[in-house]
Protein chains: 2
Amino acid sequence: VSRYKLILEYDGRGLVGWQRQDNGPSVQAALEQAIFRFCGETVTAHAAGRTDAGVHALGQVVHVDIDKPTTTDTLRDAVNHHLRPAAIAVLSAEAAADDFHARFSAVRRSYLYRIVNRRAPLTLDAGRAWWVPTPLDAGAMHAAAQILVGKHDFTSFRASECQANSPEKTIDVLDVARRGEEIEIIAKARSFLHHQIRNIAGTLRLVGAGKWTRADMARALAARDRSAAGETAPAEGLYFLSAEYEDE
Amino acid sequence: VSRYKLILEYDGRGLVGWQRQDNGPSVQAALEQAIFRFCGETVTAHAAGRTDAGVHALGQVVHVDIDKPTTTDTLRDAVNHHLRPAAIAVLSAEAAADDFHARFSAVRRSYLYRIVNRRAPLTLDAGRAWWVPTPLDAGAMHAAAQILVGKHDFTSFRASECQANSPEKTIDVLDVARRGEEIEIIAKARSFLHHQIRNIAGTLRLVGAGKWTRADMARALAARDRSAAGETAPAEGLYFLSAEYEDE
C-alpha cells in the first residue's frame, strides 16, 4: 500500500462540507467514490481542514492509501475524470511518507475570507464572497484584528457545537487588506475552533462599519462569551488556502 | 425625459446574451423589466456591446431614457432590487447627455478573454474561463497576436452570420500575458466583428500549443477565409470590460 498526498480545489456551493454526511454530497464521499472507480478500493480520505457546508478550498490537503500501483500523474488525472461533474478537482498528487497524516501532521493552516464591499449585488462572485453593501474601513479592521493575534481563549468566537478540547488557540497571522472593492482577510494558525474565522469576520465587519472600536474588540475577546462578539459571517466567503507540514 | 448611462456587470451563464430573444432570458429584457417595475415605463435599453450567450460583462455600458424624476443612486439601487435574482447588477448610474448613445457614441471597446491553463478541471472558475489542459506558451501567443494589431480584413476571424458591412477592423491592442495558471488576452478596438475575439483566441491557442508559428498566423489573416483560422473559443472565457466615449 502507498500513501498519497493530494491537493484539492472545490466550490463549496451545493456541498455539505468536507465530511461525509447523510444529508447531502460531501467532498470526502465524492473523492472516496472517485478513487473507488479508479482502483476498486474502498479508502478513507483524511483532510487538513474539515470545511463546513458552502466553504470553498483552493488548496485543501488530503491523504489516502491505495494498493494499486500507479503514477501520481495517472492518479490525479483518473480521479479528476471520475470526480466529474462535481466541482471538485485534484490539483496535484504526490507520494507521501507512511507516517504522513494530512490532518494530524499539519502545523499550520491558512484561510482566506473574501468580502466584496460595494453597493451593487454580486453576479459573477455570487456564492463566492460575502456581499457587504455599506462602506467598510479595512485599515480599522486590520488594526482591531491585531488584538486577536497570539494565544488567547477564543470562547467568544467559538461555535456552540465546537468539539475542541480547549478554547485556547494561537493565531499567527490575521491580516485585513482592501484590493479595490474587495476586502481580504488572511488567517493563519496551527488550528482553528469551529466557526472561529467566520465569527471573527462577522465581528470585524462591526469595526469596519464604525460601530465598534478596537477597545470593543478587546472587550469581546476578554468576555469569553459567544454573545459578546459579532454575527457568524456566511460560509460562502471562506476559502481553505493551504496547510503546512513540519518537513516542508 | 432624462437619459441615463448605466454600467452593468453580469454572469453570462444561463443568459441568451445581451439582446432580447424568444429562446431564453436576455440581459436587455431583464433590465427593461426591472426598469418597468421601478417606474412603470416601457423603455428600450441600448448597450455598447451586444454580447453573445454565455459571455460575461464586468463593465457593459447601457443607456436608457426615463420620464420619472429620480436620483442616480435611487435608480441604481431600485433597478438592482428588481433585477433579483438574476445575476445582473447595475454598478453605477449617471445622468447622460441627450445625444449620448451607448452603442453609436462608443469609440473603443475592451474585452478580456480568460484561459485557465492547467491539468485539473475547473471548479470555482467553471463557466467563467476556458479550460485548456495542455501547456500554452503565452509569450509565443503574444508575439503572434501582434500580427493582428492594426487595420486588416478579418474575414478569417469573422462568424458567417456576422452582419457588419465590412470585414475591415482596426485592433488597437491585443495583449496576451500569463498570471500564474491563467492566460489573459486583452483586446481593444473601436468595434469588433461577430465572434472575432473568440476566433482569435481559438487561433492563438494553436500558437500557444506550438502547433502554429507566427507565419501561420500571418497566412491565416491573409487567406480571408474563416476555415484558414482556428476554432471558435467558448463564450464562457469572454468578458466585456469597458467602452470609451469621445468626451471622456
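Everything that follows concerns the structure shown earlier in this document.
Every chain is numbered on its own, with residues counted from 1 as its sequence reads. Going through the entries in the order they are written, you letter the chains from A and number the ligands from 1. Only residues with pLDDT of at least 70 are given local features in this predicted model, and only at 80 or more are side-chain atom pairs given and counted; all residues enter the totals for whole chains, interfaces and linings. Here the side-chain values reflect all heavy atoms present in the structure, with hydrogen atoms and water set aside.

1. So, the overall build of chain A
For step 1, the next point in the chain: Helix and strand assignments follow DSSP, with helices taken as H or I runs no shorter than four residues and strands as E runs no shorter than two, numbered in order from the N terminus. Broken down by element type, chain A carries 5 helices and 10 strands.
For step 2, the next point in the chain: As a reference, a globule follows 2.2 Å times the number of residues to the power 0.38, and the radius of gyration itself is taken over C-alpha atoms. At 19 Å, chain A has a C-alpha radius of gyration in line with the 18 Å of a compact globule built from 248 residues.
For step 3, the next point in the chain: Once the C-alpha set of chain A is aligned to its principal axes, its extents read approximately 60 × 40 × 35 Å.
For step 4, the next point in the chain: When accessible area is computed with a 1.4 Å probe and restricted to protein chains, residues below 20% of their type maximum are described as buried, those above 50% as exposed, and intermediate ones as partly exposed. Here chain A, with 248 residues, has 54% of them falling under the buried criterion.

2. What to know about the packing of helix H1 (residues 27-39) of chain A against helix H2 (residues 72-83) of chain A
Residues and elements named next belong to chain A.
For step 1, the next point in the chain: Angular values range over 0 to 180 degrees, each being the angle between N-to-C directions of two axes fitted as lines to C-alpha atoms, with helices fitted over their stretch in contact. H2 packs onto H1 with a crossing angle of 115 degrees between their chain directions and a minimal axis gap of 8 Å. By the criterion of interaxial angle, the relationship of H1 to H2 is roughly perpendicular. Taken as a pair, H1 and H2 cross one another with a handedness that is right-handed. Residues Ala-30, Leu-31, Ala-34, Ile-35, Arg-37 and Phe-38 of H1 touch H2, and the partners they reach there are Thr-74, Leu-75, Ala-78, Val-79, His-82 and Leu-83. Note that the term roughly parallel is reserved for angles under 35 degrees, roughly antiparallel for angles over 145, roughly perpendicular for angles of 65 to 115, and oblique for everything else. Crossings are classed by handedness, with left-handed meaning an anticlockwise turn of the near helix from the far one by less than a right angle and right-handed meaning a clockwise turn. Here a residue-residue contact requires only that any non-hydrogen atoms of the pair lie within 4.5 Å.

3. Re the relation of the copies chain B and chain A
For step 1, the next point in the chain: Its rotation angle being 180 degrees, the transformation that places chain B on chain A also includes 0.0 Å of axial translation and leaves an RMSD of 0.0 Å. What we have between these two chains is a two-fold relation.
For step 2, the next point in the chain: In this assembly, 100% of the residues forming the interface of chain B have copies in chain A that are likewise at the interface, indicating an isologous arrangement. To superpose the copies, least squares is applied to the C-alpha atoms of every residue with a pLDDT of at least 70 in both.

4. Side note on the nonpolar core
For step 1, the next point in the chain: Buried Ala, Val, Leu, Ile, Met, Phe, Trp, Tyr and Cys residues that are joined via side-chain atoms within 4.5 Å together make up what is termed a nonpolar core. One finds Leu6(A), Leu8(A) and Leu31(A) to be the most contacted residues of the largest nonpolar core, which totals 75 residues.
For step 2, the next point in the chain: Broken down by element, the residue count for this core peaks at 7 residues, all from H1(A).
For step 3, the next point in the chain: Leaving out residues up to four positions away in the same chain, Leu31(A) has contacts with Leu6(A), Leu8(A), Trp18(A), Ala45(A), Val62(A), Val79(A), Leu83(A) and Val90(A).
For step 4, the next point in the chain: Membership of the second largest hydrophobic core comes to 74 residues, among which are Ala138(B), Leu148(B), Leu174(B) and Ile197(B).

5. Regarding the interface of chain B and chain A
For step 1, the next point in the chain: Contacts between chain B and chain A engage 25 residues on the former and 25 residues on the latter.
For step 2, the next point in the chain: A per-residue breakdown of the area chain B buries against chain A is headed by Arg119(B), Thr123(B) and Leu124(B), which together make up 33% of the total.
For step 3, the next point in the chain: By convention in these notes, a salt bridge is any Lys or Arg side-chain nitrogen within 4 Å of a carboxyl oxygen on Asp or Glu. Applying the counting rule to chain B against chain A returns 4 salt bridges.
For step 4, the next point in the chain: Put simply, Arg119(B) and Asp77(A) hold a salt bridge, and the shortest N to O gap is 2.3 Å.
For step 5, the next point in the chain: Listing elements by their share of the side of chain B that touches chain A, those giving two or more residues are strand S1 (2-10), strand S3 (56-66), helix H2 (72-83) and strand S4 (88-96) of chain B.
For step 6, the next point in the chain: Considering each element in turn, the side of chain B that touches chain A owes the most residues, 4 residues, to S4(B). When two components associate, each loses some accessible surface as probed by a 1.4 Å sphere; the sum of these losses over both components is called the buried area.

6. Quick word on the side chain of Arg109(A)
Residue and element names in this part refer to chain A.
For step 1, the next point in the chain: Counting through the fold element by element, Arg-109 comes out in strand S5 (residues 106-116).
For step 2, the next point in the chain: As used throughout, the charge tally considers Lys and Arg to be positive and Asp and Glu to be negative, leaving His and the chain termini uncounted. Asp-172 provides the closest opposite charge to the buried, salt-bridge-free Arg-109, at an N-O distance of 9.8 Å.
For step 3, the next point in the chain: Here a polar contact is taken to be a pair of N or O atoms separated by no more than 3.5 Å, where protein atoms must pair a possible hydrogen donor with a possible acceptor and residues adjacent in sequence count only if both atoms sit in side chains. Here Arg-103 takes part through its backbone oxygen, which lies 2.8 Å from a polar atom of the side chain of Arg-109.
For step 4, the next point in the chain: Dropping the residues within four chain positions of it, Arg-109 is found in contact with Ala-48, Ala-102, Arg-103, Ala-187, Lys-188, Ala-189, Arg-190, Ser-191, Phe-192, Phe-240, Ser-242 and Ala-243.

7. Quick look at the packing of aromatic side chains
All names here are of chain A.
For step 1, the next point in the chain: Pairing of aromatic side chains requires ring centres within 6.5 Å, counting the rings of Phe and Tyr and the six-membered ring of Trp. Pairs whose planes differ by under 30 degrees are stacked, by over 60 edge-to-face, and all others tilted. Counted under the stated rule, the structure contains 10 aromatic pairs over all chains.
For step 2, the next point in the chain: Their ring planes at 85 degrees and their centres at 5.0 Å tell us that Tyr-111 and Phe-240 sit as a pair that is edge-to-face. Of this pair, Tyr-111 sits in strand S5 while Phe-240 sits in strand S10 (residues 238-245), and the two are 129 residues apart along the sequence. Each member of the pair, Tyr-111 as well as Phe-240, is classed as buried.

8. Some thoughts on the pattern of salt bridges
For step 1, the next point in the chain: Inspection of the entire model under this criterion finds 38 salt bridges over all chains.
For step 2, the next point in the chain: In this structure, Asp73(A) engages Arg76(A) in a salt bridge whose closest nitrogen and oxygen atoms are separated by 3.7 Å. One end of the pair, Asp73(A), and the other, Arg76(A), are both in helix H2, 3 residues apart, so they sit about a helical turn from each other.
For step 3, the next point in the chain: Classification of Arg76(A) by relative accessible area gives buried; the value is 13%.
For step 4, the next point in the chain: Here Arg114(B) ties to Asp125(B) by a salt bridge, and the two come within 3.0 Å at their closest N and O atoms. Of the two residues, Arg114(B) sits in strand S5 (residues 106-116) while Asp125(B) sits in the loop between S5 and strand S6 (130-131), which places them 11 residues apart along the sequence. Neither residue differs from the other here; Arg114(B) and Asp125(B) are each classed as buried.
For step 5, the next point in the chain: By sharing partners, the salt bridges in this structure join Asp73(A), Arg76(A), Asp77(A) and Arg119(B) into a single network.

9. Considering the side chain of Arg158(A)
All names here are of chain A.
For step 1, the next point in the chain: If you trace the backbone, Arg-158 turns up in the loop between strand S7 (150-153) and strand S8 (168-179).
For step 2, the next point in the chain: Buried and without a salt bridge, Arg-158 has Asp-153 as its closest oppositely charged side chain, separated by 6.6 Å.
For step 3, the next point in the chain: Separated by 2.6 Å, the side chain of Arg-158 and the backbone oxygen of Ala-164 make a polar contact.
For step 4, the next point in the chain: With residues near it in sequence (within four places) discarded, Arg-158 still touches Gln-163, Ala-164, Ser-166, Pro-167, Leu-193, His-194, Asn-199 and Arg-226.

10. Details of the environment of Ala209(B)
Residue and element names in this part refer to chain B.
For step 1, the next point in the chain: Inspection of the secondary structure puts Ala-209 in the loop between helix H4 (196-208) and helix H5 (214-223).
For step 2, the next point in the chain: Expressed as a C-alpha distance, the spacing of Ala-209 and Trp-18, which sit 191 residues apart in the sequence, is 32 Å.
For step 3, the next point in the chain: Among residues more than four places away in sequence, those in contact with Ala-209 are Pro-135 and Leu-136.

11. A short note on H2(B)
All names here are of chain B.
For step 1, the next point in the chain: Each helix should span, by expectation, one fewer than its residue count multiplied by 1.5 Å. The terminal C-alpha atoms of H2, which comprises 12 residues, lie 16 Å apart, in line with the 16 Å expected from a rise of 1.5 Å per residue.
For step 2, the next point in the chain: For H2, the full list of buried residues reads Leu-75, Arg-76, Ala-78, Val-79, Asn-80 and Leu-83.
For step 3, the next point in the chain: Those residues of H2 hidden inside the fold are in contact with S1, helix H1 (27-39), S3 and S4.

12. Remarks on the packing of helix H3 (residues 138-145) of chain A against helix H4 (residues 196-208) of chain A
All names here are of chain A.
For step 1, the next point in the chain: Between H3 and H4, the least distance of the axes is 8 Å, while the angle of their chain directions is 125 degrees. Taken as axis vectors, H3 and H4 run oblique relative to one another. The interaxial crossing formed by H3 with H4 has right-handed handedness. Residues Ala-140, Met-141, Ala-144 and Ala-145 of H3 pack against Leu-204, Arg-205, Val-207 and Gly-208 of H4.
For step 2, the next point in the chain: Throughout this entry, Asp, Glu, Lys and Arg are counted as charged residues, while Ala, Val, Leu, Ile, Met, Phe, Trp, Tyr, Cys and Pro are counted as nonpolar. The remaining residues, Gly among them, count as polar. Classifying every residue of the contact of H3 with H4 gives 6 nonpolar, 1 polar and 1 charged.

Remember that the coordinates give geometry; whether it matters functionally is a separate question.
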